[in-house]
Amino acid sequence: MSMNRIGYYLKEGICGVFDHGLMSFATVCMIVSTLLLMGGFSLLAVNINKIIADLESQNQVAAYVDENLSDEEAEALGGKLLEVGNVASVTFITREQAMESFLSQYEDNSLFEDIDASVFRNRFIVNLEDLGLMETTARNLADVPGIVKVSAHLEISRGFITVRGIVNAVSWAIVGLLLVVSMFIMSNTIKLTTFARRNEIAIIKMMGASNGFIRWPFTVEGMFMGLMGSCVAFMLLWALYTLLARKVAASALGFLKIIPFGGISLYVLGAFVGVGLAVGVFGSRVAIRSYLRV
Amino acid sequence: MIRLEHVYKSYENGTQALNDLSITLEDGEFAFLVGPSGSGKSTIIKLITGEISCTEGEVIVNGYDMSRISRRRMPRHRRLLGVIFQDFRLIENKSVYENVALAMRIAGASGKEIKERVPYVLSLVGLEDMMHAMPRQLSGGEQQRVAIARALVNNPKVIIADEPTGNIDPELSADIMTLLTKINELGATVLVVTHEKDLVNQFAKRVIRIANGRLVSDGNGWYIA
Ligand SMILES: Nc1ncnc2c1ncn2[C@@H]1O[C@H](COP(=O)(O)OP(=O)(O)O)[C@@H](O)[C@H]1O
Ligand SMILES: [Mg+2]
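The structure displayed is predicted, hence computed values, not measured ones.

**Q** Mind laying out the overall build of chain A, listing which residues take part and the relevant values?
**A** Along its length, chain A carries 9 helices and 4 strands. Tracing chain A from N to C terminus, the helices and strands come up as α-α-β-α-β-α-β-α-β-α-α-α-α. What you see for chain A is a C-alpha radius of gyration of 31 Å, clearly larger than the 19 Å of a compact globule of 294 residues, by over 25%. Overall size of chain A, expressed as C-alpha extent along the three principal axes, is 100 × 40 × 30 Å. Buried positions account for 38% of the 294 residues belonging to chain A. Looking at chain A alone, contacts between residues at least 24 apart form 81% of all its contacts between residues at least 6 apart. With the model as given, the accessible surface of chain A reaches about 16000 Å², and the carbon-plus-sulfur share is 65%. Across chain A, the mean location of the 22 positive side-chain charges is 28 Å away from that of the 25 negative side-chain charges.

Rendered as C-alpha cells:
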C-alpha cells in the first residue's frame, strides 16, 4: 500500500468521524460506557482474587489446649503440632495474652473488669501450608493428645472462594455480552452514516474500486472512534477507581488491600485499546457489507 | 471489444427493455448509439459496466463474459472502462479536483501523477479554473464536463458516454465530441449515446439505431429521424 493511499484512507476516515459528529459522539459514548462496565467488573474480579489470596496467605487455625495441662506442658505441645502434616508454623498464646487481645477489642472494658485469665484457654495459632487441606489438617490437629478443640474458619474461606467463582463467572459473561452489544451498536452507527453514503459507495464501485478501497476509510473511522472511546474510558476508570479505592480505605472495609491503579494501568490501557480497535474494525466491516454488493 | 449477442433484458417490474439485441464494437472503433428516450440505450451501458446483468443472451466486454465475471474481476473490468453517466454521478462532498483524482486513486496512481494529470485533464474540458469548486456550485453542463474529465483521466481502453453533451451548449458539445474522436484516434474504443442529430451528422461515424429495445439500423452515415 502506497503512502498516498494510506494518507487518503486516513483523511477520509477521520473526516468521516467529524462529518457525522453527533453519531460519532454517540458511538464514542457507547464505547466508553461499555469499556467502563467491562473494566469495572474486571477490576472487581481482580481485586476479589487478590483479597482471597491475601486471606489465604494469612489463614490460620486456632488449636485450644486442655485446661488441665499446666502452662509449661501446654507450650511443649508445640513440637507435636509441628509434626502434623501441612503445618507451616505454630505460635503459642498464653491465657493472659488471649485475654488482653480479647479486651483490646472493646474500648469500654469496664464490663469485663473482673474477668479472669483462667476463663481463657492456652492456645496455638497454627499457620497452614495449603489452605485447600484445611479440613483434614484441622482434624489431625484435634487428634493430638492435649488438644481439645480446633477452630478453623472454614466457612469464611469457603465463602470467599464461592464469591470468587461467582464474580469470575459473572464478569466473563458481562464482558462477553457487552462486547457483542457494543459491536452491534457501533455497526449500526456506521450503517447509518454509510446509508447516507451508499450512493457514493455505488459510484466508487462503478469506477472500479475494490472492496478494500471502499472499506478502509470506514475501518479507519471505526478504529478512530474505538481509540477515542478507549482513551476516554481509561481516564474515567482511572479517576473512578482511585476515588473508590480511597473511599474503601477510609471505610470499615479499610483492612482490605485494594490494588493501586498504577500497578495495573498498563494492562487496562492495553485491553481497552485492543477492545476499542477490535470493536471499531468489526463494527465497520459488518456495517458496510451490504453496501458493497453493487 | 464489446459484443452483445441476442440480448434480452427485462427489469423486475416486467419492463422489457431489450429484445434480442446484437451489437459488436471492435477495438478502436467509434460509434454513436441513438434512439428515442426509453428505447434501452442506458440499459445497454449498464450491461456493459456490469451494473445489471441480462436476462438472456451474452454480453462480452474486453474478453469478460459479463454474466460469469467473478466478484474479484469486476473492479479490474471496470477500471478498463471510462464511463460518463447520464446522471453524472459525481460525489457531492468532494471538490471537482477530488472527484477526478478519485478515479486515479482507485487505479493506484501516485500522488505525483495525480497532481500532474488532474489539472491537465480538467483543462481539456475547460474547467481548469473550477478545480476547487464543489459539484453543487456548478451548472449542469459543468458537472457533465467533470464527469467527462473523470472518465478520461485514466486513459481507459474503452470510453462509454451516456448523453455526454445533453446539458452542454452546442459549441462546447462539438468541442467535447472532437475530444472524444481524438481519444478514439489515439486507440480507445468509444461508444457515444446521444440524441443530437446535428452533432452525429457532423462527424459521419458509425451510427447504431435502436427503438423499443431492438436494432433498427447499423451503419456508417447520417442519422435522420
Ligand atoms: N431500474 C429500472 N426498473 C424498471 N424499468 C426500467 C429501469 N431502468 C429503465 N427501465 C425501463 O427500461 C426502458 C429502457 O430504459 P433506458 O435504458 O433507461 O432507456 P434510454 O436510456 O434509451 O432512455 C424504459 O422503458 C425504462 O422505463
Ligand atoms: Mg438513458
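So, next bit.
**Q** How would you summarise the pattern of salt bridges if you had to cite specific residues and measurements?
**A** Across all of its chains, the model carries 11 salt bridges over all chains by this definition. When the shortest N-O distance is used, the salt bridge between Glu67(A) and Arg121(A) registers 3.5 Å. On the criterion of sequence distance, the pair formed by Glu67(A) in the loop between β1 (60-65) and α3 (71-83) and Arg121(A) in the loop between α4 (95-103) and β3 (123-128) is long-range, its members being 54 residues apart. Of the residues examined, Glu67(A) reaches a relative accessible area of 46% and is grouped as partly exposed. Where Glu98(B) meets Arg105(B), a salt bridge forms, and the shortest distance between an N and an O atom there is 2.9 Å.

**Q** Any chance you could break down the site of ligand 1 for me, citing the residues and the numbers?
**A** All names here are of chain B. The local shell around ligand 1 consists of Tyr11, Asn13, Thr15, Ala17, Pro36, Ser37, Gly38, Ser39, Gly40, Lys41, Ser42 and Thr43. One nitrogen or oxygen atom from the main chain of Gly38 is found 2.7 Å from an oxygen atom belonging to ligand 1. The leading source of residues in the shell around ligand 1 is helix α1 (residues 41-49), at 3 residues. Each residue belonging to the shell around ligand 1 can be placed in one class, and the counts come to 3 nonpolar, 8 polar and 1 charged.

**Q** Could you give me a rundown of the interface of chain A and chain B, with the residues and numbers involved?
**A** Across the boundary between the two partners, chain A contributes 16 residues, which contact 24 residues of chain B. Between chain A and chain B, roughly 1700 Å² of surface is buried when both sides are summed, and carbon and sulfur atoms account for 59% of that area. In this structure, the connection of chain A to chain B is made through 1 salt bridge. One salt bridge in this structure joins Lys94(B) and Glu12(A), with 2.6 Å as the shortest N-O distance. Taken together, chain A and chain B are joined by 5 residue pairs in polar contact (both at pLDDT 80 or more). The leading source of residues in the side of chain A that touches chain B is helix α7 (residues 198-206) of chain A, at 5 residues. Of the residues that constitute the side of chain A that touches chain B, the class distribution is 8 nonpolar, 3 polar and 5 charged.

**Q** Hey, could you go over a positive patch on the surface for me, with residue numbers and the actual values?
**A** Positive charge collects at one region of the surface, where Lys191(A), Arg289(A), Arg293(A) and Arg71(B) lie side by side. Within the secondary structure layout, Arg289(A) lies in the segment after α9 (261-288).

**Q** Got a sec to walk through the sheet that holds strand β2 (residues 87-93) of chain A? Specific residues and values, please.
**A** Residue and element names in this part refer to chain A. Strand order in the open sheet formed by 4 strands is β2-β3-β1-β4, and the pairing between neighbours is antiparallel. With one partner strand each, in any of the chains shown, β2 and β4 (147-152) form the two edges of the open sheet. Each strand of the sheet is rotated relative to its neighbour by a mean of 25°, with strand direction disregarded. Taken together, the 6 bridges between β2 and β3 define a ladder with antiparallel strand orientation. Residue pairing for β3: Ser89 is matched across the bridge by Asn127. Contacts from α3 reach β1, β2, β3 and β4 within the one sheet, and its direction differs from that of β2 by about 175°.

**Q** If you had to explain the coordination of the magnesium ion (ligand 2) to someone new, which residues and values would you point to?
**A** For the magnesium ion (ligand 2), the full set of protein donor atoms is Ser42(B) (OG) and Gln86(B) (OE1), at a range of 2.1 to 2.3 Å. A residue pair is termed long-range when its members are at least 10 positions apart, and Ser42(B) in helix α1 and Gln86(B) in the loop between β6 (81-84) and α3 (96-107) qualify at 44 residues.

**Q** Kindly report on the sheet that holds strand β4 (residues 56-61) of chain B, identifying the contributing residues and their values.
**A** All names here are of chain B. Pairing is antiparallel in the open sheet, where 4 strands are placed in the order β2-β1-β4-β5. Where the open sheet ends on each side, the last strands, each with one partner, are β2 (16-25) and β5 (64-65). Relative to β5, β4 runs antiparallel, the two being bridged by 2 bridges. Within β5, the residue paired with Val61 across the bridge is Tyr64. Packed on one face of the sheet, α1 meets β1 (2-10), β2 and β4 and runs near 65° to β2.

**Q** Summarise helix α4 (residues 111-124) of chain B; cite the residues concerned and give the values.
**A** For α4(B), with 14 residues, the first-to-last C-alpha span of 20 Å sits near the 20 Å given by 1.5 Å per residue. Residues of α4(B) that are buried sit in contact with α1 (3-19) of chain A together with α3 and α5 (140-152) of chain B. Downstream of α4(B) by a residue or two, Gly126(B) has a phi angle that is positive, lying close to 75°.

**Q** Now, about a nonpolar patch on the surface: what can you tell me, with residues and values included?
**A** Residues and elements named next belong to chain A. The grouping of Leu177, Val181, Phe184 and Ile185 at the surface amounts to a nonpolar patch, some 380 Å² of accessible area in total. Locating Phe184 in the fold gives a position in helix α6 (residues 154-196). Residue classification places Phe184 among the exposed positions, given a relative accessible area of 55%.

**Q** Now, about the packing of aromatic side chains: what can you tell me, with residues and values included?
**A** For the structure shown, the criterion picks out 11 aromatic pairs over all chains. On the basis of an interplanar angle of 25° and a centroid distance of 5.6 Å, the ring pair of Trp238(A) and Phe261(A) is categorised as stacked. Of this pair, Trp238(A) sits in helix α8 (residues 211-250) while Phe261(A) sits in helix α9, placing them 23 residues apart in sequence. The ring of Phe85(B) is capped by Arg89(B), whose NZ or CZ atom sits 4.1 Å from the centre of that ring. Seen from the ring of Phe30(B), Lys205(B) lies directly overhead, with NZ or CZ sitting 5.2 Å from the centre.

Analysis parameters
Residues numbered from 1 in each chain as written. Chains lettered and ligands numbered in written order. Predicted model: local features only at pLDDT ≥ 70, side-chain atom pairs only at ≥ 80, totals over all residues. Heavy atoms only, no water. Helix = DSSP H or I, 4+ residues; strand = E, 2+ residues; numbered from the N terminus. Rg over C-alpha atoms; globule rule 2.2 N^0.38 Å. Buried < 20%, exposed > 50% of the residue type's maximum accessible area, 1.4 Å probe, protein only. Contact = heavy atoms within 4.5 Å. Areas by Shrake-Rupley, 256 points an atom, 1.4 Å probe, with all protein chains shown as cover. Lys, Arg positive; Asp, Glu negative; His and termini not counted. Charge placed at Lys NZ, Arg CZ, Asp CG, Glu CD. Salt bridge = Lys/Arg side-chain N within 4 Å of Asp/Glu carboxyl O. Near = heavy atom within 4 Å. Polar contact = N/O pair within 3.5 Å; in protein donor to acceptor, adjacent residues only side chain to side chain. Nonpolar A, V, L, I, M, F, W, Y, C, P; charged D, E, K, R; others polar. Buried area = accessible area lost by both parts, 1.4 Å probe. Patch = residues over 30% accessible without salt bridge, like charges linked within 9 Å, V, L, I, M, F, W, Y side chains within 5 Å. Pairing = 2+ DSSP bridges. Axes fitted to C-alpha atoms, helices over the stretch in contact; angles between N-to-C directions. Donors = N, O, S within 2.8 Å, 3.2 Å for Na, K, Ca; no water. Expected span 1.5 Å × (residues − 1). Phe/Tyr/Trp six-rings, centres within 6.5 Å; stacked < 30°, edge-to-face > 60°. Lys NZ or Arg CZ within 6 Å of the ring centre and 35° of its normal.

What is shown is where atoms sit, not what they do.
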